[in-house]
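Structural characterization, general
Letter by letter, the chains look like this.
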Amino acid sequence: MKSRILTPLWLLGTMFVLLLLMLALQRYQPVIPRDSIYNPKSLAATGFIILAAFSMGEFFQLMKLPALLGYIFAGILFGPNLAALLPGSPQALFGARVIGDLSLINVVIVGVIGTLGGGELKIAELRTNIRIILAVVLINIAIVLPLTFLIVWHIPAWAPFIIPFADKLSSNDVMALALMCGVFGATTSPTVTIAVLQEVRAKGP
């Protein structure tokens, strides 16, 4: 019982200490040689987000949720897009340059997960579950796509700060944006699905 209480506190404490270190680093202005291709702040931010994402993933697992959700939440929490929406637009702990530095890692990881996904596909199981697969696809098209379309279409009127550039768009452009988001919302990510399957070691149909 004691370990169940201490483990979440330890994870939250770890993220808090990492956050304090990164905030302190924001005030530090290192001298970067002109011929250097590495930015010390980018390297530190990369290390921070890896450790923070791992801690957040472990915390989500304690709540009986996939660690992948914790990784995504850490990216949203500390990334540049959320910071841009906050009042005063505070500086994100890792910005566009860090994301660019992580692009190679992103390509490698997606490639590995894609390969695992190909290995998980079995023609016999696809034939057996073809009705379930078609039902999921049709439900996404019939429910998720129009629902997402309607929400995004009305966001400029209900909460314009979420899409700040929408006030510069015509009604047709907003409709096209909403339709595009609806299509994205109706699709599923094989990468995310395979990552969750690998983590929880799911078996069966």
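Residues numbered from 1 in each chain as written. Predicted model: local features only at pLDDT ≥ 70, side-chain atom pairs only at ≥ 80, totals over all residues. Heavy atoms only, no water.

Per the secondary structure count, the chain includes 10 helices and zero strands. From first element to last, N terminus to C terminus, the chain shows the α and β order α-α-α-α-α-α-α-α-α-α. Taking all 205 residues of the chain together, the buried fraction comes to 24%. Entry remark: accessible area of the chain is about 14800 Å², with carbon and sulfur atoms responsible for 71%. (Helix = DSSP H or I, 4+ residues; strand = E, 2+ residues; numbered from the N terminus. Buried < 20%, exposed > 50% of the residue type's maximum accessible area, 1.4 Å probe, protein only. Areas by Shrake-Rupley, 256 points an atom, 1.4 Å probe, with all protein chains shown as cover.)

Describing an aromatic ring pair means giving the distance of the ring centres and the angle of the ring planes. Evaluated as defined, the whole model comprises three aromatic pairs. Geometrically, the ring pair formed by Phe48 and Phe78 is edge-to-face, given 5.0 Å between the ring centres and 75° between the ring planes. One end of the pair, Phe48, is in helix α2 (residues 40-62); the other, Phe78, is in helix α3 (residues 67-78), and 30 residues separate them in sequence. On the basis of relative accessibility, which here comes to 3%, the residue Phe48 falls in the buried class. Pairing Phe60 with Phe73 gives two aromatic rings, centres 5.9 Å apart and planes at 40°, and the pair type is tilted. Remark: Phe73 occurs in helix α3 and Phe60 occurs in helix α2; sequence separation between them is 13 residues. (Phe/Tyr/Trp six-rings, centres within 6.5 Å; stacked < 30°, edge-to-face > 60°.)

Attention shifts here to the confidence of the model for the chain. Here the chain averages 78 in pLDDT, while 85% of its residues score no lower than 70. Per-element mean pLDDT across the chain ranges from 70 in helix α1 (residues 2-26) up to 91 in helix α9 (residues 171-186). (pLDDT = per-residue confidence, 0-100.)

Our next topic: the nonpolar core. Counting residues in hydrophobic clusters, the biggest one holds 17 residues, and the most contacted among them are Phe48, Phe78 and Phe94. Residue contributions to this core peak at eight residues, all from α2. If you look at the next biggest cluster of nonpolar residues, it comprises seven residues, including Ile155, Ile163, Leu177 and Ala178. (Core = buried A, V, L, I, M, F, W, Y, C linked by side-chain atoms within 4.5 Å.)

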